[in-house]
Amino acid sequence: MADIERKKRAATGDVIRTETGDVDSGSADQLLVSLGYTPELSRNRSTLQVAFMSFVLASIPYGLATTLYYPLVGGGPVNIIWGWIAVSLIILCVAASLGEITSVYPTAGGVYYQTFMLAPPRWRRIAAWTCGWLYVVGNVTITLAVNFGTTLFLVGCVNVFETPDGQGVLAGEPYQVFLIFLGITLLCNAVSSLCNRWLPILDVRTQTWLLSDHPTFAIFWTFAGVIAIMVCILAIAKEGRRDASWVFTHFEVNSGWTPGWSFVVGLLHAAYATSSTGMIISMCEEVRAPATQVPKAMVLTICINTIAGIAFLVPLVFVLPDIPDLVLLAQPVPAIIKSAVGNSGGAFGLLIPLLVLAIICGIGCTTAASRCVYAFARDGAIPGSKWWKEVNQTLDVPLNAMMLSMVVQIVLGVIYFGSSAAFNAFSGVGVIALTASYAAPIVVSLVDGRKTVSTGSFYLGSFGWFCNIVAISWSLLAIPLFCMPSTVPVVDPTLMNYASVVFIGFTVISVGYYFAHGRSHYQGPPA
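Everything numeric here is computed off the predicted structure, so don't read it as measured data.

Considerations on the confidence of the model for the protein chain
(1) Moving on: Averaged over the protein chain, the pLDDT score is 84; the fraction of residues at 70 or greater is 85%.
(2) Moving on: Confidence drops under a pLDDT of 50 for residues 1-23, and excluding neighbours within four residues, the segment shows 25 contacts in the predicted structure.
(3) Moving on: Contacts for the low-pLDDT stretch residues 204-215, under 50 throughout, to residues beyond four places or in other chains number 23 contacts.

The following block contains the structure:
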């Protein structure tokens, strides 16, 4: 039976390929119907557009800027630069592994649907339920982390301006931070819902008034910002420059952990910035040729991100002030740039590209998270699914699912009133949940001997085995790792990493709803 099913999958793949190997929107919809779903979303994104959408979700260097605190306390320059390169290579294996599977099952359900189809019939429902909840929680909390990180980063940017007594002009009281976060969250949801037809222009479409038919606005903005920062801080360097030996080999622990473990805990920096790797799968039903475009986009984006990250991080480390002073700040990047250029106005000007990129990233994550919630709800796996699976025909978006995601983010944002380390919890649980959800279909595929992925258009052969093993090993490390506090001992409860608490809370909801409803009613996605 298994061989027959695999042959059917391969045949399905052959049906949707034209003689040139391309897949148009109509045949992509035929594939979606063959997988058991009715096409409801417009396929308005090309290969280039989906690649840059994936790039926007990661938003390097913004993602690296908001979490630089972690490698600074973890190991300093070595943790910043080599940690980024190491994690990027690992995530490249994760992207390649997911790409193989997505080339066979390109739906908005992403890893959730893929886990169901790959798992043995006896375990399909519980495997898909578990993976689906991890994927939804990961998408929602990582979007929360992005918007909350933008809030904290904005406060840090504003505070490059100081009062006469040397204090930042914005006190950053909990209520101020929460209100800014609320405004950013509402803005991202408003743009994502009301401007959906124009989003490809924002994140991926060519801007003829900028660079003819070459990079998109987000790409242009990212690299222009990185180049401006790189050139200015290295050319001015008011406080001097570090030597290359210090930049690439200096290891300094400020976390309280033992050196080796401290380095590993500091990898949250790179893991957070690359955690959106599989989120782009949720856009499969709005892509013209998802079986080929999405896998290539995931892998290509990791390569682009790695280069952009190195270009951003290395100049920062060359002008790094004393690390013990920086680790006292929640957002050290504004202080680093101010120290390098020597004045507040110049520093704020260089930070503007990062702030704009932060908003674009928030919009992209909001869009992807809403599609993920919608895909899971249409299979009846979320309480109140009949509301969340509706697509607003006027706006052409799953508006109810987007509003649910937004409300959950705002409610979780209240945690900041009780813990100043709330961002640590949001980013930690987002990375944990997404990493675990990415691992689920990879594990099932590996146990099956990778027979199903061999029918796909992105099959990697023996190299795929290596990528699968690396991806699973990383997942096993990441899950306990990012529940750890960044520094020890934890003497102040407000500085504790509450990622495990948030994660367990969602687990309780998932398990409770499964026994109350899912066990008797949930059948999994249509197959």
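Let's pick the thread back up.
Structural notes on the pattern of salt bridges
(1) Moving on: Across all of its chains, the model carries 3 salt bridges by this definition.
(2) Moving on: The partner of Arg450 in a salt bridge is Glu100, with the nearest N and O atoms 2.6 Å apart. Here Arg450, found in the loop between helix 22 (422-447) and helix 23 (462-481), pairs with Glu100, found in helix 6 (residues 77-102); they are 350 residues apart in sequence, far enough to count as distant. With respect to class, Arg450 is no different from Glu100; both count as buried.
(3) Moving on: With its nearest N and O atoms 3.7 Å apart, the salt bridge here joins Arg242 to Asp322. Taken together, the residues Arg242 in the loop between helix 12 (217-236) and helix 13 (244-249) and Asp322 in the loop between helix 16 (290-318) and helix 17 (323-326) connect sequence positions 80 residues apart.
(4) Moving on: Since its relative accessible area comes to 47%, Asp322 is described here as partly exposed.

Some points on helix 6
(1) Moving on: The terminal C-alpha atoms of helix 6 lie 36 Å apart, and with 26 residues this matches the ideal 38 Å at 1.5 Å per residue to within 8%.
(2) Moving on: Taken across its 26 residues, helix 6 has 20 buried, putting it largely inside the fold.

Observations regarding the nonpolar core
(1) Moving on: Within the largest apolar cluster, 136 residues are counted, with the highest numbers of intra-cluster contacts made by Ile233, Phe312, Ile337 and Phe482.
(2) Moving on: Per-element accounting of this core gives the leading share, 16 residues, to helix 8 (residues 124-158).

Here is what the cut-offs are and how they apply
- Residues numbered from 1 in each chain as written.
- Predicted model: local features only at pLDDT ≥ 70, side-chain atom pairs only at ≥ 80, totals over all residues.
- Heavy atoms only, no water.
- pLDDT = per-residue confidence, 0-100.
- Contact = heavy atoms within 4.5 Å.
- Salt bridge = Lys/Arg side-chain N within 4 Å of Asp/Glu carboxyl O.
- Helix = DSSP H or I, 4+ residues; strand = E, 2+ residues; numbered from the N terminus.
- Buried < 20%, exposed > 50% of the residue type's maximum accessible area, 1.4 Å probe, protein only.
- Expected span 1.5 Å × (residues − 1).
- Core = buried A, V, L, I, M, F, W, Y, C linked by side-chain atoms within 4.5 Å.

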